[in-house]
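The residues making up each chain are set out below.
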Amino acid sequence: MTDPTPSTPTQSRTFSPTPEFTAQANGEAPLYDQATDHEAFWAEQAHRYVTWDKDFDTTLDWSNAPFAKWFVGGQLNVARNCVDRHVEAGNGDRVAIHFEGEGGDTRTITYAELLREVCRTANALESLGVRKGDRVAIYMPMIPETVFTMLACARIGAPHSVVFGGFSADALRTRIADAQARVVVTTDGQFRRGKPAPLKPAVDEAVSGGDSPVEKVLVVKRTEGEVAWDDARDVWWHDVVDSASDQHEAQPHDSEHPLFILYTSGTTGKPKGIFHTSGGYLAQTAYTNAVVHDVHPGTDVYWCTADVGWVTGHSYIVYGPLANGATQVLYEGTPDTPHQGRWWEIVQKYGVSILYTAPTAIRTFMKWGEDIPAKYDLSSLRLLGSVGEPINPEAWLWYRKNIGGDRAPIVDTWWQTETGAIMISPLPGVTDLEPGSAQRPIPGISAEILDDEGKPLHDPEAVGYLVLTKPWPSMLRGIWGDQERYKETYWSRFGDKYYFAGDGAKYDANGNIWLLGRVDDVMNVSGHRLSTAEIESALVSHPSVAEAAVVGATDETTGQAVCAFVILRSDARDEGEATVQELRNHVAKEIGPIAKPRQIMVVAELPKTRSGKIMRRLLRDVAENREVGDVTTLADSTVMDLIKSGLSSGS
Ligand code: WT7
């Protein structure tokens, strides 16, 4: 197989659930048996977790595989499921969101208030011309208005496309164009590490030039920073939302009505618009939030630290927990502003009982030291979760001891933007936990590990490719505007019966699955997917660069880090550090600060096979300071010597 990241050692120590945890857990052992009748099982979850305006008549239509239809004939309104029904059930006074701004400003939003805000926002969006089926781009920080906007879109049936605030104007422009969004919702700026940073200028740039499909830009005032204003296009939130009616009649939408598009990096330079629909997505996000995160609405305080710009924020800040009527924390800022104990201060302040975060954050806290969390009362925490990349056993054990008080179970949850919801994870009241492994598919999900020929592997430690063997309710329904690419990317590597996830995996001797990282040219930096091809094309778009190759090198904190090798054009001058800085900034401008290479090495040649394919494996050896591996397939086997001698002489 094509070199996955090196595997983590298998940990033999396991942690059994306590009887007290098991006694109260939502996820119970019999679920595994019940799930053997795949469709009946999911029909039951869809009835348990979703309120339907019209019941579905067919659980799964797979006749046009790989295009799935779930809960066919059913109608629902996702926003009403996430908000109105909790108010109608008498829980309007329950807190939905404890918002904590980076600067310490707070806002407590009950379900009754959330309902009013979502209705106002929906009315305002409609007054700007948004109708069912129109796409709305959302480019916003982690503030309550972002959640209101997503739910207002869901209410209207206008699919949203949230673009992470760390993406550049160019990245925003291509996403707006691909989805043909009519409206963009943004803010004047956002607070980042104690300082206001502008956001609207990127939108202004992204919609400029006359060919933009965007008719209106709705702007929340957050930082009070100066903004350029186009009277014909720009509208202040406080002018149209605050004055809008807080009553909004919501229509039922078909189960398969598109809910959102979310762009993710693939193996080519062009991001894929992954799109999800309504009924199946809501059923599986709510079900997993209940059985994996073990959320008990009304008693738990849940906190998912992801940004809503990523799928984790969609599924486990907005849709799953709100469908369940959970109380949650929404935090705008960074973990070290104004101090490195900020997260633990928040846990203590709100009595957070369930924390869902990423390994990169945990490793950062490890680096900062255990005395920082030790200063806070974390005894409210009863369940911890991890997502985004493999969690190494050391980080898992540190998390359990220093955050979980050696008591809280940890769920390591494997899933993807494409899967929409958690797929492989322990059930915290059932599974004996094994640090470093996501363990087994949750009830209702089936996976296999295949070898190069597509034969299932069951031998412990045999490394292969992870595939999913049955359709699942929250699966992507395709790539927006490019269904051929959908088939080719996910349903062709092992034929049309297997969903190819793009991850390497193995079983251990206990039958637990270990995820071993991506097997394609996709990197995982701090739990964010970045494509080597996309960064390479950003680099070669700079006038000084002739050729570029990008690899993900192992990084102690971020999992992987972007390392680039560039060949300068013959007429470009190598100004050493200044050139490197210029190129790093160029990538930030083209894609966004998250894609900035940690390291750029200017080289004279790149290692290529005879067919011209760049051998990233060898570059990764250089980036990770290792002895360079087998070079026999190189067209010119002296290239690696040239690269290494060039680098050591400091050129
Ligand atoms: C890729 C998906 C799922 C939300 C965040 C990332 C990696 C994710 C785990 C985990 C090992 C993991 C995989 C996957 N990944 N969770 N628990 N253990 N690897 O979503 O950006 O779509 O990335 O993240 O490589 O394919 P995404």
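The chain is annotated in an unreviewed UniProt entry as Acetyl-coenzyme A synthetase of Oryzihumus leptocrescens. Per UniProt, the comment on the chain under Cofactor (unreviewed entry) is "Mg(2+)".

## Topic: the overall build of the chain
Secondary structure assignment for the chain yields 20 helices and 30 strands. Taken over C-alpha atoms, the radius of gyration comes to 24 Å for the chain, in line with the 26 Å a tight globule of 651 residues would show. The principal-axis extent of the C-alpha atoms belonging to the chain is close to 75 × 60 × 55 Å. Counting the 651 residues in the chain, one finds 54% classified as buried. In the chain, the share of contacts with a sequence separation of at least 24, taken over all contacts with a separation of at least 6, comes to 70%.

## Remarks on the UniProt feature "domain: AMP-binding enzyme C-terminal" (unreviewed entry) in the chain
When the UniProt feature table is mapped to this numbering, "domain: AMP-binding enzyme C-terminal" (unreviewed entry) covers residues 534–613. Between the end C-alpha atoms of residues 534–613 the distance is 16 Å, and the span holds 26% helix and 31% strand.

## Structural notes on unusual backbone geometry
The bulk of non-glycine residues show a negative phi, and the bulk of peptide bonds are trans. That bond from alanine 65 to proline 66 is cis: its omega, 5°, falls within 30 degrees of zero. Here proline 66 shows up in the loop between β1 (58–61) and β2 (69–72). Geometrically, the link from threonine 337 to proline 338 is a cis peptide bond, its omega value of 0° lying close to zero. Among the secondary structure elements, proline 338 is positioned in the loop between β17 (327–331) and α12 (342–350).

## Concerning the environment of arginine 155
Examined against the element boundaries, arginine 155 turns out to sit in helix α6 (residues 144–156). For arginine 155, a count of 28 C-beta atoms within 10 Å corresponds to the buried category. Each C-alpha atom of the pair arginine 155 and aspartate 377 lies 39 Å from the other, and the pair is 222 residues apart in sequence. Ignoring sequence-local partners within four residues, the contact set of arginine 155 consists of Asn77, Ala79, Val118, Ala122, His248 and Ala250.

## Some words on the environment of alanine 206
Checked against the element boundaries, alanine 206 lands in helix α8 (residues 200–207). Among the residues examined, alanine 206 registers 27 C-beta atoms within 10 Å and is labelled buried. Along the chain, alanine 206 and alanine 578 lie 372 residues apart, while their C-alpha atoms are 28 Å from each other. Beyond its immediate chain neighbours, meaning those up to four positions away, alanine 206 contacts Ala169, Leu172, Arg173 and Ile176.

## Some thoughts on the packing of helix α7 (residues 169–179) against α8
For the pair α7 and α8, the least separation of the axes is 8 Å and the interaxial angle reads 50°. When the interaxial angle is binned, α7 and α8 end up oblique. With respect to the hand of their crossing, α7 and α8 are arranged in right-handed fashion. Across the interface between the two elements, Ala169, Leu172, Arg173 and Ile176 of α7 pack against Ala202, Val203, Glu205 and Ala206 of α8. Tallied by class, the residues present in the contact of α7 with α8 amount to six nonpolar, no polar and two charged.

## Side note on the domain arrangement of the chain
Split into domains, the chain comes out as domain 1 (19–448) and domain 2 (526–649). Each of domain 1 and domain 2 was reduced to a C-alpha centroid, and the two centroids are 34 Å apart. Among the secondary structure elements, those contributing two or more residues to the side of domain 1 that touches domain 2 are α7 and α13 (359–368). Top element by residues in the side of domain 1 that touches domain 2 is α13. It accounts for five residues. Among the residues making up the side of domain 1 that touches domain 2, the classes are represented as five nonpolar, 11 polar and four charged.

Conventions used here
- Residues numbered from 1 in each chain as written.
- Predicted model: local features only at pLDDT ≥ 70, side-chain atom pairs only at ≥ 80, totals over all residues.
- UniProt positions renumbered as here; feature names shortened; annotations may be inferred.
- Helix = DSSP H or I, 4+ residues; strand = E, 2+ residues; numbered from the N terminus.
- Rg over C-alpha atoms; globule rule 2.2 N^0.38 Å.
- Buried ≥ 20, exposed ≤ 12 C-beta atoms within 10 Å, placed from the backbone.
- Contact = placed C-beta atoms within 7 Å.
- Axes fitted to C-alpha atoms, helices over the stretch in contact; angles between N-to-C directions.
- Parallel < 35°, antiparallel > 145°, perpendicular 65-115°, else oblique.
- Left-handed = near helix turned anticlockwise from the far one by under 90°.
- Nonpolar A, V, L, I, M, F, W, Y, C, P; charged D, E, K, R; others polar.
- Domains from an automatic or database assignment.

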